[in-house]
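Chains, contacts and geometry: an overview
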Amino acid sequence: MTEPEVVERTNVELGQLLMLFYILCDVSGSMTPDIAALNKALERLLLAVRNEPVVDDVAQIGVASFSDTAKMVIPLDHPSRITMRNLQIEGGTNYGASFEFIAKQIENDIADLKRQGYKVYRPCVFFLTDGEPQDGDWHQTFTRALTYDKATGTGMKSHPIFVPFGFRDAREDVIRQLAYPPEKSKWFFARTHGIEEALDGILDVIMKTVMTGGLSAHLGVAPTPLVPVTSSAVVSGDSEYDPEYV
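My aim in this report is to walk through the structure given alongside it, one point at a time.

Cut-offs applied
- Once a new chain begins, its residue numbering starts again from 1 and follows that chain's sequence as written.
- Side-chain atom pairs in this predicted model are given and counted only at pLDDT of 80 or more, local residue features only at pLDDT of at least 70, and totals for whole chains, interfaces and linings cover all residues.
- With hydrogens and water excluded, all non-hydrogen atoms of the structure serve as input to the side-chain values.
- Salt bridges, as used here, are contacts in which a Lys or Arg side-chain nitrogen is within 4 Å of a carboxyl oxygen on Asp or Glu.
- Starting at the N terminus, helices and strands are each numbered in turn, a helix being any DSSP run of H or I of at least four residues and a strand any DSSP run of E of at least two.
- Per-residue accessibility, obtained with a 1.4 Å probe over protein chains only, is compared with the maximum for each type, and a residue is labelled buried under 20%, exposed over 50%, and partly exposed between these values.
- Here, nonpolar core means buried Ala, Val, Leu, Ile, Met, Phe, Trp, Tyr and Cys residues that are tied together by side-chain atoms lying within 4.5 Å of each other.
- It only takes one pair of heavy atoms within 4.5 Å for two residues to be counted as in contact.
- Expected helix span is given by 1.5 Å per residue-to-residue step, counting one fewer step than there are residues.
- Disulfide: a pair of cysteine sulfur atoms within 2.5 Å of each other.

Attention shifts here to the pattern of salt bridges. Charged atoms that come close allow side chains of opposite charge to pair. All told, the structure shown has 11 salt bridges when counted by the stated rule. Glu 240 is the partner of Arg 176 in a salt bridge, and the nearest nitrogen-oxygen pair spans 2.7 Å. One end of the pair, Arg 176, is in helix H5 (residues 172-177); the other, Glu 240, is in the segment after strand S10 (234-238), with 64 residues separating them in the sequence. Of the residues examined, Arg 176 reaches a relative accessible area of 22% and is grouped as partly exposed. Taking relative accessible area as the criterion, Glu 240 reaches 38% and is therefore assigned partly exposed.

Below, the structure written as structure tokens:
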């Protein structure tokens, strides 16, 4: 994890550190039989964080959905303040729409928190999908919207740590390309068609990342974004992101 983003404190009382987590969920038609299980899993996650006041104090979580388009379902906030809203099934699987949306959302949220006097660590986005991208230019969109080239100073300087989770019909070779930045993120893939088992493995990673990240941030230490997954149904690996991938 990098040093905290340069979001200067303007109010001493409000100038605490925050760690931001976004859960970006595929709600395309193929998720129809599993949407109830996904909603229950998200509710369990929020409840678990609420039960850890120290983590709840420094962590903010937001949930977004994507299909043909993307939108926030649960706005970014401390879990103790969140009212659960269920995800709903929509259309196709447009990865690019989700990448562009979450990039803008992150920049807007950081700007808003800056106005309130907070400092934030680099955000973390968990990307959950069960299908292949229907947009052929998904990689170009990802690179343009969510990566940063230090050599040229182009791209998203406040880019998140992007952590992809694929399962069922998602392509593992695509998932491997979405872990960014390469030196910090990992990809995860559930080699099982059982949604409950896949979600258990995925939520295990998210839960441990939020908990350890939140505790580290509370202590003023740069959080570690990822921890090993314990589920035997989920495999993981180092990023294979390649800016030249076509």
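There's more to say after this.
What follows covers the nonpolar core. Residues Ile 23, Leu 38, Leu 87, Phe 126, Phe 165 and Ile 206 are the most contacted members of the largest nonpolar core, which totals 44 residues. Mapped onto this core, the elements with two or more residues apiece are strand S1 (17-26), helix H1 (35-50), strand S2 (59-66), strand S3 (70-77), strand S5 (124-129), strand S8 (161-167), strand S9 (186-190) and helix H6 (195-218). At 10 residues, H6 tops the list of elements feeding residues into this core. Sequence-distant contacts of Leu 38, defined by excluding residues within four places in its chain, comprise Cys 25, Met 31, Leu 87, Leu 128 and Leu 199. Grouped together as the second largest cluster of nonpolar side chains are 30 residues, Leu 18, Leu 20, Ile 106 and Tyr 241 included.

In a regular helix each residue adds 1.5 Å, so 16 residues correspond to 22 Å; H1 covers 23 Å between its end C-alpha atoms and thus fits that length. Within H1, burial applies to Ile 35, Ala 37, Leu 38, Asn 39, Ala 41, Leu 42, Leu 45, Leu 46 and Val 49. Tucked into the core, H1 has its buried residues touching S1, helix H2 (53-58), S2, S3, S5 and H6.

By the definition in use, this model includes 0 disulfides. Summary of cysteine pairing: Cys 25 is not part of a disulfide, and the nearest cysteine sulfur, belonging to Cys 124, is at 13 Å. Residue Cys 25 is classed as buried on the basis of its relative accessible area of 0%. Cys 124 gets classed as buried once you look at its relative accessible area, which sits at 1%.

Another point: unusual backbone geometry. Cis geometry is found at the peptide bond from Tyr 180 to Pro 181, where omega equals -5 degrees. Relative to the helices and strands, Pro 181 is located in the loop between H5 and S9. The backbone of Arg 168 shows a phi angle near 55 degrees, a positive value even though the residue is not glycine. Secondary-structure assignment places Arg 168 in the loop between S8 and H5.

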